[in-house]
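Fold and contact review
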Amino acid sequence: MGMLDLSTFSLVEVYLRLPPSPLKEVLVATADVLEVPFLYGFEFRTSVDLSTLPNPTKKDGKHVVVLQEAFYLEGREIWQFSLGRLDFKGINFNDTKKTLEQQWQLGDGRVQFVSLNRGFFIVKLKSQDDKNKIFEAESWMVDQQKLSLMEWYPSFDADRRRTSHATVWVKFPGLPMEFLIGKTLLGMAKSVGTPIVVDKRTLAHEYGYFASVLIDINFAEHDMDSIHVSVGGLDFWKSIDIPKKPKFCSKCNIVGHADSEYKHKHKNNNNSGQL
């Protein structure tokens, strides 16, 4: 029998071709360093028959794969009862998860939170009934912030989620103290956007030099630094302040980048051609 030339084989292929031996033990030790867990007796080796998978071709010098539609439909099926959300401000993801699990009381293993980028996460559910319970409720609150849900849809990409809306805390500085009640502040906030909640410290009168309200604002329509207030013989302009105003591009009409970044973003979007 001629000597086997191992120089053309990968580490995994060498392992497969070797009988039990000290060399095989060396390969396992090497796998530990290289973090290749499937060499450990192949305990983690895939059960999928790789010969049933499509072979790649090439297009313009780059590899191309045409997946079987059955694979795609199987993947979609997994997420059929899912919901998505965005735009909580200053809340830890794990704290959000714990709070919502306590409110929903769906039971062990019936909900999974999958974090994405740009503040999105997917709520993965087990049944249509669970989805209806959560989606059709009037509201769910986490640390005074309302959970905004949307239907999950195939090929959802958080990076390409285009919106001109953002939920931000808005300050109304220097208001008379008699204005610091929920209904009055929400009424004022409605002139800025869609009010969500008044800061609990404002309502508790812990301070009096400003009032803070969480508001969903359409920045494509928002162009103000003050509002006019009229009540009980009083008539005045009141300034507003958005401490953490998001970047907004007036050319794209979306939140996420500024006008000064428009050319760079526009070029990347046109050239990427990627999901």
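So, a few notes on the structure that sits alongside this text. Note that the structure is predicted; figures quoted are calculated from it, not measured.

Reading guide: rules and limits
Residues numbered from 1 in each chain as written. Predicted model: local features only at pLDDT ≥ 70, side-chain atom pairs only at ≥ 80, totals over all residues. Heavy atoms only, no water. Helix = DSSP H or I, 4+ residues; strand = E, 2+ residues; numbered from the N terminus. Buried < 20%, exposed > 50% of the residue type's maximum accessible area, 1.4 Å probe, protein only. Contact = heavy atoms within 4.5 Å. Areas by Shrake-Rupley, 256 points an atom, 1.4 Å probe, with all protein chains shown as cover. Arc of directions from axis to C-beta. 1 Å grid on protein atoms, 1.4 Å probe; cavity = no way out; pocket = protein on both sides within 12 Å on 5 of 7 lines; lining within 4 Å. Points joined across faces, edges and corners; volume = space filled by probe spheres on them.

Notes on the overall build of the protein chain
- For the protein chain, the count of helices and strands is eight helices and 15 strands.
- When the 275 residues of the protein chain are sorted by exposure, 30% land in the buried category.
- For the protein chain, the proportion of contacts with a sequence separation of at least 24, taken over those separated by at least 6, is 59%.
- When the accessible surface of the protein chain is totalled, it reaches about 18,400 Å², and 52% of it is carbon and sulfur.

Topic: helix H5 (residues 128-135)
- Along H5, the residues that are buried comprise Asp130, Lys131 and Ile134. Within H5, the buried residues cover an arc of 100 degrees as seen down the axis, which keeps them to one side.

Details of unusual backbone geometry
- In this structure, Asp60 takes a positive phi of about 55 degrees despite not being glycine.
- Structurally, Asp60 can be placed in the loop between strand E1 (57-59) and strand E2 (62-64).

As for empty space enclosed by the protein
- Following the criterion strictly, the structure yields two cavities of 30 Å³ or more and no others.
- Here the largest cavity defines a volume of roughly 60 Å³.
- The wall of the largest cavity is formed by 11 residues, among which Gly84, Ile122, Met150, Trp152 and Phe156 lie closest to the centre.
- Those elements that provide at least two residues to the lining of the largest cavity are strand E3 (83-85), strand E5 (121-125) and strand E8 (149-151).

None of this, on its own, says anything about what the molecule does.
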